[in-house]
Amino acid sequence: MTKQAATAMKNVPSSQTQPGIRDMANAIRALSMDAVEKANSGHPGMPMGMADVAAVLFSKYLKFDAQTPDWHDRDRFVLSAGHGSMLLYSLLYLTGYEKMPLEELKKFRQLHSRTPGHPEVDHTCGIETTTGPLGQGISNAVGMALAERILNNRFGSDLIDHYTYVIASDGDLMEGISHESCALAGHLKLAHLIVLYDDNGITIDGPTTLSYSDDVPKRFESYGWDVQVIDGHDTAQIDRAIARAQTSPTPSLICCKTHIGFGAPTKQGKSSSHGSPLGEKEIAGARQNLNWPHAPFEIPAEILATWRQAGQRSRPERLAWQKRLDENRVKDEFLKVFEANVSQQIAPLIQDLKKSFATEKPKLATRQTSGKVLEKLVAALPSLIGGSADLTPSNNTKVEGPEAITAGNHYNGQYVFYGVREHGMAAIMNGMALHGGVIPYSGTFLTFSDYCRPAIRLAALMKQRVVHVMTHDSIGLGEDGPTHQPVEHLSALRVIPNLLVLRPCDGVETAECWEIALNRITGPSLLALTRQGLPTYREDGRENRSARGAYVLADSSGEPQVTLLATGSEVEVAMAARDALEKDGVKTRVVSVPSIELFFAQDSEYQQGLLCNKSVKIAIEAGVRQCWDRFLGSHGTFIGMTGFGESAPYKDLYNHFGITKDAVIAAARKGLSKA
């Protein structure tokens, strides 16, 4: 053993100091080493370094019942340092989660196993969120802690009163998103959020001193957090630190000074233990140093029994909670908010809104019609929690009535002022959705979806219902110019699997798009909304036609010679061109396409009914062409943007870039001349 390793080993408390903890921690280390070695791939260093912290947390503090993993009042545990996934998988096996048997650990990083390289959300076996992209997990945890406080205010401590724990790495805290989310957590005084920081001083490139000299304790103190610094291998210190954190009136950061690859004879404290198997010789030396003479994947019966007891420790508390729930007058309401289905509640509201828009035919921006929809929805759904990244008046995301959520009003409200924190906002919303019991939505400008994109992608991967309200969706925003005018964004967002992009053309479609987004419980939705006013074209009707993705808004006077496909604000251009072409005897159909994704999810008969004819196809959208080729093929025409915008009044910009009625008419005549 090296001198450094020997010094570190002295910090491990003996079993006489705290019976069982050392062996429990070593079980995590052994399983992590063995699984990574068997897979010939993975990250053994972090699980070995944080095993003592995890053993104390799971055996004494974390409130959970391994036999009831979806208990609504369980503590949430987020492994933000997702590369150390074997720490989590080992804990889930050891504590007795039915869906995490030993065989799954032996299939680490293999196809279709429950033990992928980085944790992927599965509430049925104790994985609360998908982590790996650093900074996302700790930000999800802020959302979970916020959801917990919101629901505590609504239902009381008898039903909701739990903590959110996080293990975070140096990389998590280096990522800028951690600043956004943790600063907001401090501002909101989310006292049930406890972060255990694996301060091991090592990154892939080498020591953190190569690139990182932040004073982390002072940084978090400036956010308003309680901060402690401890030896992450001293279980007595770990114990005291978590106990103190549970009593803090603010979020807590516990900086755990640890040795990555703890116990490895030559790789402890080095980047070589971070992201590669240790190798047979190093593992043999680690077994000797840790006094672990057992075969790979072998856990002695008495140690496994101690862990299984830890997995059952909170069962009496869960049973008492279940009794309180069964006797509570709000039981049905409580369970309903976690069921997530709001279709029956919102259907009559959406119908009334559609009828109102169709009758009054207002000329409003779709951000304004969205605001009118929210006035009805927020009042009807207490679980609908909105917000904006400092663009509330522009996004029209806050309605009159409900308060904004603050620590001062005990989280009684339905709106979060996120500040200028788009990335943090998106990840926090993911955490709120993952927690359950709330439906998050929030707003910013569409061009700033770039700031949100990593979190939006993870929402899609995790199949979480999160609604993004993205306004100022094209050059139609006008004078703010090309920095704020989204051009490539619609296409870039549409290529994210399982993200639904919705771009309505008027108030009726806007109401339908909100209905689609709220009823979609298997993924996120994004509403792209205009700044400029638009006419109302749709008539009232019970069918949600936007749910088809594309439909005939205005049919031709006979078999179509020209088919105009348009979204959002460009439907107005298409309708004007249709009227002129029909007047000249050209049979022209307008197809509104509020969602390309939904259209291509329809059966082939429906798709062919719209597209498989001999008409000239022209798509019109104030963005780039990329996502339209499936409609247009090699012979269709696209009218839109080919580069960045300019700063000018929006009507001047549409003329300048040729997104006009006249341009559509010219393209139609050119296409007909070739037919």
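Our structure's up above, just so we're on the same page.
Residues numbered from 1 in each chain as written. Predicted model: local features only at pLDDT ≥ 70, side-chain atom pairs only at ≥ 80, totals over all residues. Heavy atoms only, no water.

Engineer: Give a description of the pattern of salt bridges that names residues and reports values.
Structural biologist: As enumerated under the stated definition, the model contains 31 salt bridges in all. Here Glu333 makes a salt bridge to Arg154, at a shortest N to O gap of 2.9 Å. Taken together, the positions of Glu333 in helix α15 (residues 331-339) and Arg154 in helix α7 (residues 136-155) put the pair 179 residues apart, joining distant regions of the chain. On the basis of relative accessible area, Glu333 is assigned to the partly exposed category, the value being 38%. Owing to a relative accessible area of 28%, Arg154 belongs among the partly exposed residues under this scheme. Where Arg531 meets Glu479, a salt bridge forms, and the shortest distance between an N and an O atom there is 3.7 Å. Taken together, the residues span a long stretch of sequence, with Arg531 in the loop between β13 (525-528) and β14 (551-554) and Glu479 in the loop between β11 (467-471) and α21 (489-494) at a distance of 52 residues. On the basis of relative accessibility, which here comes to 37%, the residue Arg531 falls in the partly exposed class. Each of Asp473, Arg494, Arg503, Glu570 and Glu621 takes part in one network of salt bridges that share partners. (Salt bridge = Lys/Arg side-chain N within 4 Å of Asp/Glu carboxyl O. Helix = DSSP H or I, 4+ residues; strand = E, 2+ residues; numbered from the N terminus. Buried < 20%, exposed > 50% of the residue type's maximum accessible area, 1.4 Å probe, protein only.)

Engineer: Can you explain the sheet that holds strand β6 (residues 226-231)? Please cite residues and give values.
Structural biologist: If you trace the five strands from one edge of the open sheet to the other, you get β1-β2-β3-β7-β6, paired in parallel fashion. Single-partner strands in this sheet number two, and they are β1 (76-79) and β6. Strand-to-strand twist of the sheet, defined as the mean angle between neighbouring strand axes without regard to direction, takes the value 15°. Across six bridges, strand β3 (residues 193-199) lies against strand β7 (residues 252-257) in parallel orientation. (Pairing = 2+ DSSP bridges. Axes fitted to C-alpha atoms, helices over the stretch in contact; angles between N-to-C directions.)

Engineer: Describe the packing of aromatic side chains, naming the residues involved and giving the relevant values.
Structural biologist: Inspection of the entire model under this criterion finds 21 aromatic pairs. Ring centres of Phe599 and Phe600 lie 5.1 Å apart, and the angle between their planes is 70°; on these two criteria the pair is classed as edge-to-face. Phe600 sits in the buried class, given a relative accessible area of 17%. The ring of Tyr606 has Arg548 sitting right over it, with the charged end atom 4.2 Å from the ring centre. (Phe/Tyr/Trp six-rings, centres within 6.5 Å; stacked < 30°, edge-to-face > 60°. Lys NZ or Arg CZ within 6 Å of the ring centre and 35° of its normal.)

Engineer: Lay out the packing of helix α23 (residues 570-583) against helix α28 (residues 661-674) in plain terms, naming residues and giving numbers.
Structural biologist: At a minimum axis separation of 8 Å, α23 and α28 run at an interaxial angle of 55°. Comparing their axes, α28 and α23 come out oblique. Where α23 crosses over α28, the handedness of that crossing is right-handed. Contacts from Val573, Ala576, Ala577, Ala580 and Leu581 of α23 reach α28 at Lys661, Val664, Ile665, Ala668 and Arg669. Partitioning the contact of α23 with α28 into residue classes produces eight nonpolar, no polar and two charged. (Parallel < 35°, antiparallel > 145°, perpendicular 65-115°, else oblique. Left-handed = near helix turned anticlockwise from the far one by under 90°. Contact = heavy atoms within 4.5 Å. Nonpolar A, V, L, I, M, F, W, Y, C, P; charged D, E, K, R; others polar.)

Engineer: Just give me the short version of empty space enclosed by the protein, but keep the residues and values in it.
Structural biologist: In the structure shown here, the tally under the stated rule is three cavities of 30 Å³ or more. By volume, the largest cavity amounts to about 80 Å³. Considering the residues around the largest cavity, the lining is formed by Phe58, Leu62, Phe64, Pro69, Arg74, Asp75, Phe77, Leu88, Leu92, Tyr97, Gly126 and Glu128. Quantified by volume, the second largest cavity comes out at close to 40 Å³. Among the residues forming the lining of the second largest cavity, the class breakdown is five nonpolar, two polar and one charged. (1 Å grid on protein atoms, 1.4 Å probe; cavity = no way out; pocket = protein on both sides within 12 Å on 5 of 7 lines; lining within 4 Å. Points joined across faces, edges and corners; volume = space filled by probe spheres on them.)

These figures capture arrangement, not role.
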